[in-house]
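# Breakdown of the fold
Residues per chain are reported as follows:
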Amino acid sequence: MVRTNEDIPHITLPMLHVLISLADGDKHGYAIIKEVSARTNGKVLLSPGTLYPIIRRLLDASLIEESDERPDPYIDDERRRYYTLTKRGTRAAAAEISRLEEVVAMGRAKKLLKPS
Amino acid sequence: MFNRIFQFLLKLFPKDFQEAHGREMQQVYYLQARDGFTTRLRAIAGMIRSAPAEHWDAFKQDSRLAFRSMRGNPGFTAVVVVTIALGIGANAAIFSVFDAVLLRQLPYGDEGRLVSVRLVWQDTGFGSVSIPEYLDLRESRAFSGLSAYQSLNVNFALGEGSPERITACEGTEGLFDLLGVAPFIGRTFAPENHQAGSNQVLVLSYGLWQRRFGADPGIVGRSFRIEGRDYTVIAVMPRDFYFPDKDTDIWIPAVIPLRERQSRGAHTRSAVARLAPGIDLPRAQSELDVLAKRLSADYPADYPNDGSFGLAAASLHEVTVGESSSRLVLLLSATGFLLLIACVNVANLLLARNSSRQRELAVRTALGARNSRLKRQLVTESLWLAIAGGLLGLGLAVIGVANAHVLGAAQIPRLEDAAIDLRVLGVTAMLVLLTSVLFGVLPASRFVRQDVNKSLRSGTRGTADRVGVRTRRLLVVSEIALATVLLVGSGLTLRSLQRLTAVDPGLETDKVVTARISLAARYSEASQRVDFFNRLVDGLRNRPGITAAGAISVLPLTGDTEDWAFSVENFLKANGRAVVTEQTRFVTGEYFRTLGIPLKEGRGFDHFDGRVDAPRVAIVSESFAKKYWKDSDAVGKRLRLASRRDDSPWISVVGVVGDIRHLGPHVEQQPFIYYPAAQYNQSRMALVVRSDSVPGTVVSAIREEVGKLDAEQAVFGIRTMAEYASDSIGHYRFTSLILTFIGTLALVLASVGIYGVMAHSITQRTHEIGVRLALGAMRSSIFGSIVGQGFVLASIGIGLGAIGGIFVGRSMQTQLFDVGPLDPIALGGAVAVLFAISLLASYFPARRATRIDPATALRME
């Protein structure tokens with residue numbers, strides 16, 4: 001099936017955080033929650049009820065997929081599923097981030113935010 | 001505890017979501033739960049927030065897919081939507097009538113405790129009450145209030161303009177109190193308004209107030225002339241209020257003249273009462289039985305003493321709704337059947353389509369779509385089809401209800417209240433949900449049970465589809481059976497209509513125009529009234545084009561009756577009772593000739609009888625003569641009107657005329673006695689005029705002649721006798737028309753169903769038929785086997801349906817006239833029509849099968 005841009009859902013901030021957390025490698029659900037929480041200093045706290053609808057949406061839009069590669073069986077828990085960022089997902093995350101950057105730039109130009 | 005809540009909340013997510021992520025979510029939850037109480041609480045909150053959102057998301061997605069597939073197959077979608085629309089539309093329309101007529105309460109306080117009180121005569125059935133009877137009934141402990149009323153047509157003059165004809169209800173003391181309704185403006189009647197010589201007051205209906213007075217808030221206190229007397233408005237009733245029917249424009253207090261307080265035999269009013277606290281209907285009835293016995297004992301001149309006279313209380317609601325309830329239940333069940341047929345049909349179509357969509361769905365499964373998800377999508381699709389059908393159906397229902405009045409349904413009380421309102425919308429919404437479940441879930445579950453692997457391998461002609469074919473045949477059989485039942489039902493009503501029109505009512509209604517005249521109060525002398533009607537009838541008779549003219553106190557076929565008590569010379573009933581009551585009419589001019597009622601013996605009334613001081617005479621009907629004088633000659637026999645005094649004059653019978661069915665062809669004739677109107681002081685009469693000219697010409701002739709005599713005298717109620725005749729069987733026609741319409745729709749749907757199944761099975765068997773043809777099978781034998789298959793399905797369905805039809809026919813007996821449930825023409829006709837349609841519906845697919853080219857069919861792999 002050929003996917004068009006129409007099929008890319010609106011990317012919310014929590015969704016973007018999930019995409020970012022997968023940027024440096026495949027993770028399972030609990031790891032994503034931990035990573036997002038650590039990276040945002042606990043400002044974005046996900047729970048199963050909020051994370052998995054995000055994962056469902058990202059899977060539906062093919063922005064992420066289940067990973068075939070599994071870590072060393074020694075540390076692996078077979079019930080866990082690992083998620084990996086697709087190329088499409090990488091592009092979508094990048095597009096969203098640069099859109100945010102433009103917004104930030106506009107805010108700075110209007111002196112809403114002092115240059116750091 | 002938290003774990004359990006989490007488990008429970010997980011179950012609230014869509015099934016496919018649970019299947020995909022449930023285990024992981026649980027695992028993550030356990031890991032996270034170690035972080036403590038707030039984390040757990042946040043996890044629970046997250047679940048509560050997400051579950052509905054997930055459902056909504058899935059629904060949106062499924063709906064998108066559903067719309068895409070509906071658009072992709074517009075022909076199929078249109079057939080399904082129209083089918084559902086017909087089923088739901090018919091149900092919504094009939095339900096709205098049902099609701100308005102039967103379910104909705106009458107606009108009175110605690111209406112369940114209001115009763116109608118009537119006299120019961122063994123010979124003539126229910127009767128009205130007289131003022132002395134009303135006064136006796138008032139004393140009964142059974143009622144906390146009782147009021148007598150009568151409707152009158154009166155001239156209502158607004159300023160200097162010409163008077164308008166309106167309907168007034170004249171009620172005795174306490175009418176509004178017992179109905180439990182307060183006025184919208186002002187106050188209703190006080191006891192002193194019923195005293196003779198008090199100021200004349202009136203209460204306006206909301207409708208008349210709006211229509212004639214522009215809802216003037218200062219209306220109370222204004223005066224108007226009614227029948228030449230001044231009345232002051234004291235109140236306006238609320239918008240929803242009506243009593244006794246919607247035609248009533250004003251209410252006036254009854255002031256009972258002394259004369260009427262003494263005439264026990266003048267049964268002119270209806271009585272309504274409220275049950276006293278703690279008294280139920282059976283208790284009230286036993287009180288009335290005691291009262292009736294006492295009246296019979298106290299007034300032997302007025303009542304028979306053999307138990308053939310009684311008093312009866314019945315719920316006002318039931319009396320108002322009348323016999324239309326069983327008729328509406330019948331129609332509602334018929335539309336229910338139709339909806340069922342529509343559902344079966346749609347289920348069938350969906351099954352057929354799903355089997356041709358099997359590959360598409362199997363591919364989606366192979367690509368990872370879960371079964372539960374596909375099922376959900378199919379159900380969502382049926383829901384949207386049902387919604388679309390429901391909306392279209394509502395549109396049809398609005399049109400149908402708006403035109404129901406046209407269908408000759410004048411006999412159904414409260415029909416004018418029927419409308420597509422919130423209640424109907426609610427019921428329709430429920431029907432939409434129900435239908436989508438009925439026709440959607442079966443095909444969806446059938447699909448999902450199939451082995452995806454097999455369907456992928458076998459392409460369109462899967463072996464799994466065998467079961468599907470069987471299900472579909474079962475559906476077609478039930479559809480044919482339901483359609484047969486409906487056709488038998490409508491056939492029975494058509495037959496009964498045919499029987500009705502074949503009955504000789506005893507009078508000729510063609511070419512007769514009628515009009516009512518109610519002489520104004522200024523005709524105070526009896527001689528003035530007699531003179532007016534005599535001259536009017538003579539004037540009409542002398543006009544060119546008019547072949548006969550007359551007048552009568554109560555027109556036949558209008559449902560109105562009038563009966564008087566009398567005693568016949570030398571006639572005592574077996575019980576020694578002298579007083580009897582029969583249908584009584586007062587006539588002027590050539591009434592009998594105008595309506596083609598034949599003179600059987602003796603003579604008709606002549607001009608001499610038309611004089612006030614002429615010897616008293618009467619004409620009786622054949623059944624009257626037979627009832628009282630057996631085989632001996634009725635002419636010359638004598639009778640006298642019932643009276644307390646013995647000096648009432650003897651009346652001689654001078655002629656015998658034919659019997660008429662005055663309530664309509666469906667009601668047996670009753671004995672009739674006619675008196676010359678001149679001798680009985682009539683101020684309200686109905687003209688009957690026979691002419692070969694068009695009704696319009698006759699109407700202007702009537703107006704002209706009335707105008708010559710009195711330019712201010714109003715003429716109203718102009719109708720042809722044929723219209724009254726048609727109305728008298730209006731409810732038979734209404735039932736029959738609607739049932740025939742529903743039956744026809746059922747027939748169309750059933751034939752579409754058979755055609756669909758046969759055509760689809762041919763498509764499925766193209767390959768097989770190709771092989772058989774290639775192996776040398778005769779085309780005719782293939783044709784025969786397919787038509788034969790259709791025939792077998794039809795036979796089973798029709799057989800079952802005919803049996804059902806007999807049961808339905810039996811339960812319809814009260815709605816039928818002179819037609820039994822085993823009527824051969826109705827049953828045979830339904831069976832024949834369905835066989836013909838079924839064979840036709842399998843003929844075309846069969847012909848297509850014989851044209852299959854074996855080479856092409858074999859290459860189709």
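Residues numbered from 1 in each chain as written. Chains lettered and ligands numbered in written order. Predicted model: local features only at pLDDT ≥ 70, side-chain atom pairs only at ≥ 80, totals over all residues. Heavy atoms only, no water.

Here we come to the overall build of chain A. Looking only at helices and strands, one finds four helices and three strands in chain A. Its helices and strands in sequence order give chain A the pattern α-β-α-α-β-β-α, from N to C terminus. Counting over 116 residues, chain A shows a buried share of 39%. In chain A, the proportion of contacts linking residues at least 24 apart, taken out of those at least 6 apart, comes to 50%. About 7,300 Å² of surface is accessible on chain A, with carbon and sulfur atoms providing 55% of the total. (Helix = DSSP H or I, 4+ residues; strand = E, 2+ residues; numbered from the N terminus. Buried < 20%, exposed > 50% of the residue type's maximum accessible area, 1.4 Å probe, protein only. Contact = heavy atoms within 4.5 Å. Areas by Shrake-Rupley, 256 points an atom, 1.4 Å probe, with all protein chains shown as cover.)

Further remarks concern the overall build of chain B. Within chain B one finds 25 helices and 22 strands. Here the C-alpha radius of gyration of chain B, 36 Å, is well above what a compact globule of 861 residues would show, namely 29 Å. Along the three orthogonal principal directions, the C-alpha set of chain B runs to about 105 × 80 × 55 Å. For chain B, the residues scored as buried account for 53% of the 861 residues in total. Carbon and sulfur atoms form 57% of the exposed surface of chain B, whose accessible area is close to 38,100 Å². (Rg over C-alpha atoms; globule rule 2.2 N^0.38 Å.)

The next subject is the sheet that holds strand S3 (residues 82-85) of chain A. Residue and element names in this part refer to chain A. Sheet architecture is open: three strands sit in the order S1-S3-S2, paired in antiparallel fashion. Taken across any chain shown, the strands that pair with only one partner, and hence form the sheet edges, are strand S1 (27-28) and strand S2 (64-66). Bridging between S2 and S3 involves three bridges; their strand directions are antiparallel. Along S3, the bridge assignment pairs Glu65 with Thr84. Against the sheet, helix H3 (residues 48-60) contacts S2 and S3, and its axis sits at roughly 100° relative to S2. (Pairing = 2+ DSSP bridges. Axes fitted to C-alpha atoms, helices over the stretch in contact; angles between N-to-C directions.)

Another aspect to go through is the interface of chain A and chain B. With 22 residues of chain A in contact, the opposing surface of chain B contributes 24 residues. Of all residues in chain A, Tyr30, Tyr52 and Arg56 of chain A bury the most surface against chain B, accounting for 31% of the area lost on that side. Run the count over chain A and chain B and you get six salt bridges. With its nearest N and O atoms 3.1 Å apart, the salt bridge here joins Glu24 of chain B to Arg81 of chain A. Run the count over chain A and chain B and you get nine residue pairs in polar contact (both at pLDDT 80 or more). Elements represented by at least two residues in the side of chain A that touches chain B include exactly helix H2 (29-39) and H3 of chain A. At 10 residues, H3 of chain A tops the list of elements feeding residues into the side of chain A that touches chain B. (Buried area = accessible area lost by both parts, 1.4 Å probe. Salt bridge = Lys/Arg side-chain N within 4 Å of Asp/Glu carboxyl O. Polar contact = N/O pair within 3.5 Å; in protein donor to acceptor, adjacent residues only side chain to side chain.)

Attention now goes to the pattern of salt bridges. Scanning all chains against the criterion turns up 39 salt bridges over all chains. A salt bridge links Asp609 of chain B to Arg603 of chain B, with the nearest nitrogen and oxygen atoms 2.7 Å apart. Taking relative accessible area as the criterion, Arg603 of chain B reaches 32% and is therefore assigned partly exposed. Through salt bridges with shared partners, a single network forms among Arg56, Arg57 and Asp60 of chain A together with Glu54, Asp57 and Lys60 of chain B.

What follows concerns the side chain of Thr435 of chain B. Among the structural elements, Thr435 of chain B can be located in helix H14 (residues 422-449). Excluding anything up to four places from it in sequence, Thr435 of chain B contacts Ile88, Leu339, Cys343, Ala386 and Gly440 of chain B.

Taking 1.5 Å of rise per residue, the 36 residues of helix H3 (residues 37-72) of chain B would be expected to cover 52 Å, and the 52 Å separating its terminal C-alpha atoms lies within 8% of that figure. Its axis deflected by about 25° at Ser50 of chain B, H3 of chain B carries its strongest bend there, up to four residues before the proline Pro52 of chain B. (Expected span 1.5 Å × (residues − 1). Bend = angle between axes of the 7 residues up to and from the residue.)

Residues and elements named next belong to chain B. By size, the foremost hydrophobic cluster in this structure holds 65 residues, and its most contacted members are Leu338, Ile769 and Ile786. Looking at this core, the elements with two or more residues in it are helix H4 (74-103), helix H11 (324-356), helix H13 (371-402), helix H16 (465-502), helix H22 (730-774), helix H23 (779-811) and helix H24 (824-850). Looking at which element gives the most residues to this core, the answer is H22, with 15 residues. With near-sequence residues (within four places) excluded, Leu338 lies in contact with Leu86, Gly87, Ala90, Leu486, Ile742, Leu745, Ala746 and Leu749. By size, the runner-up hydrophobic cluster in this structure holds 43 residues, among which are Ala677, Tyr680, Met685 and Ala701. (Core = buried A, V, L, I, M, F, W, Y, C linked by side-chain atoms within 4.5 Å.)

By secondary structure assignment, the location of Thr581 of chain B is in strand S15 (residues 579-589). With 15 residues separating them along the chain, Thr581 of chain B and Phe566 of chain B place their C-alpha atoms 6.3 Å apart.

Positionally, Ser69 of chain B belongs in helix H3. Those residues in contact with Ser69 of chain B that lie beyond four places of it in its chain are Arg353, Arg357 and Glu381 of chain B.

This part covers the environment of Ala271 of chain B. Residues and elements named next belong to chain B. Positionally, Ala271 belongs in strand S10 (residues 270-275). Take Ala271: its relative accessible area is 4%, and that puts it in the buried class. Taking C-alpha positions, Ala271 is 4.3 Å from Ala148, a pair spaced 123 residues apart along the chain. Filtering out sequence-adjacent residues up to four positions away, Ala271 remains in contact with Val115, Ser116, Val117, Val129, Leu146, Ser147, Ala148 and Tyr149.

It is worth spelling out a nonpolar patch on the surface at this point. All names here are of chain B. Where nonpolar side chains cluster on the molecular surface, the patch consists of Tyr755, Leu840, Tyr843 and Phe844 and spans about 380 Å² of accessible area. A per-element tally of the nonpolar patch places H24 first, with three residues. By the element assignment, Phe844 lies in helix H24. (Patch = residues over 30% accessible without salt bridge, like charges linked within 9 Å, V, L, I, M, F, W, Y side chains within 5 Å.)

By secondary structure assignment, the location of Asp240 of chain B is in the loop between strand S8 (229-236) and strand S9 (250-253). Judged by its relative accessible area of 58%, Asp240 of chain B falls in the exposed class.

This part covers the packing of helix H21 (residues 721-728) of chain B against H22 of chain B. Residues and elements named next belong to chain B. Axis separation between H21 and H22 bottoms out at 4 Å; the angle between their running directions is 60°. Taken together, the axis directions place H21 and H22 in an arrangement best described as oblique. Counting all contacts with H21, which are made through Ser726, Asp727 and Ser728, the residues of H22 involved are Gly730, His731 and Arg733. Classifying every residue of the contact of H21 with H22 gives no nonpolar, four polar and two charged. (Parallel < 35°, antiparallel > 145°, perpendicular 65-115°, else oblique. Nonpolar A, V, L, I, M, F, W, Y, C, P; charged D, E, K, R; others polar.)

With that settled, consider the pairing of strand S6 (residues 201-204) of chain B. All names here are of chain B. Residues of S6 alternate between two faces, with Val201 and Val203 on one and Leu202 and Leu204 on the opposite face, all of them buried. Relative to S8, S6 is paired through four bridges, and the arrangement is parallel. If you follow Val203 over to S8, its bridge partner there is Ala235.

Next up on the list: the packing of aromatic side chains. Residues and elements named next belong to chain B. Summed over the entire model, instances satisfying the criterion amount to 41 aromatic pairs over all chains. When the ring of Trp121 is compared with that of Tyr303, the centres are 6.3 Å apart and the planes differ by 20°; the resulting orientation is stacked. With a gap of 182 residues between them, Trp121 in strand S1 (residues 114-121) and Tyr303 in the loop between helix H9 (281-298) and strand S11 (309-315) connect regions that are remote in the sequence. Owing to a relative accessible area of 5%, Trp121 belongs among the buried residues under this scheme. Accessibility expressed as a relative area gives 2% for Tyr303, which makes it buried. Both rings, one in Phe783 and one in Tyr843, keep their centres 5.8 Å apart while their planes meet at 85°; by these two values the pair is edge-to-face. Remark: Tyr843 occurs in helix H24 and Phe783 occurs in helix H23; sequence separation between them is 60 residues. A relative accessible area of 31% means that Tyr843 is categorised as partly exposed. An aromatic cluster is defined as three or more aromatic residues linked by ring pairs; in this entry it consists of Tyr108, Tyr149, Phe176, Phe189, Phe241, Phe243 and Trp251. Seen from the ring of Tyr680, Arg616 lies directly overhead, with NZ or CZ sitting 5.0 Å from the centre. The ring centre of Tyr724 lies 4.7 Å from the NZ or CZ of Arg719, which sits over that ring. (Phe/Tyr/Trp six-rings, centres within 6.5 Å; stacked < 30°, edge-to-face > 60°. Lys NZ or Arg CZ within 6 Å of the ring centre and 35° of its normal.)

Residue and element names in this part refer to chain B. Per-residue confidence for chain B gives a mean pLDDT of 85, with 93% of residues at or over 70. Long-range and interchain partners of residues 459-464, a stretch whose pLDDT sits below 50, account for nine contacts in this model, where long-range means more than four residues apart. Scoring the predicted complex yields pTM 0.75 and, for the interface, ipTM 0.84. (pLDDT = per-residue confidence, 0-100.)

Attention shifts here to unusual backbone geometry. Residues and elements named next belong to chain B. Cis geometry marks the peptide bond from Phe243 to Pro244, where omega comes out at -10°. As for its position among the elements, Pro244 is in the loop between S8 and S9. At Asp110, a position not held by glycine, the phi torsion is positive, near 45°. Note that Asp110 resides in the loop between H4 and S1. A positive phi angle, near 55°, is found at Ala215, a position not held by glycine. Topologically, Ala215 is positioned in the loop between helix H7 (206-213) and strand S7 (223-226). Assessed through its relative accessible area of 25%, Ala215 is described here as partly exposed.

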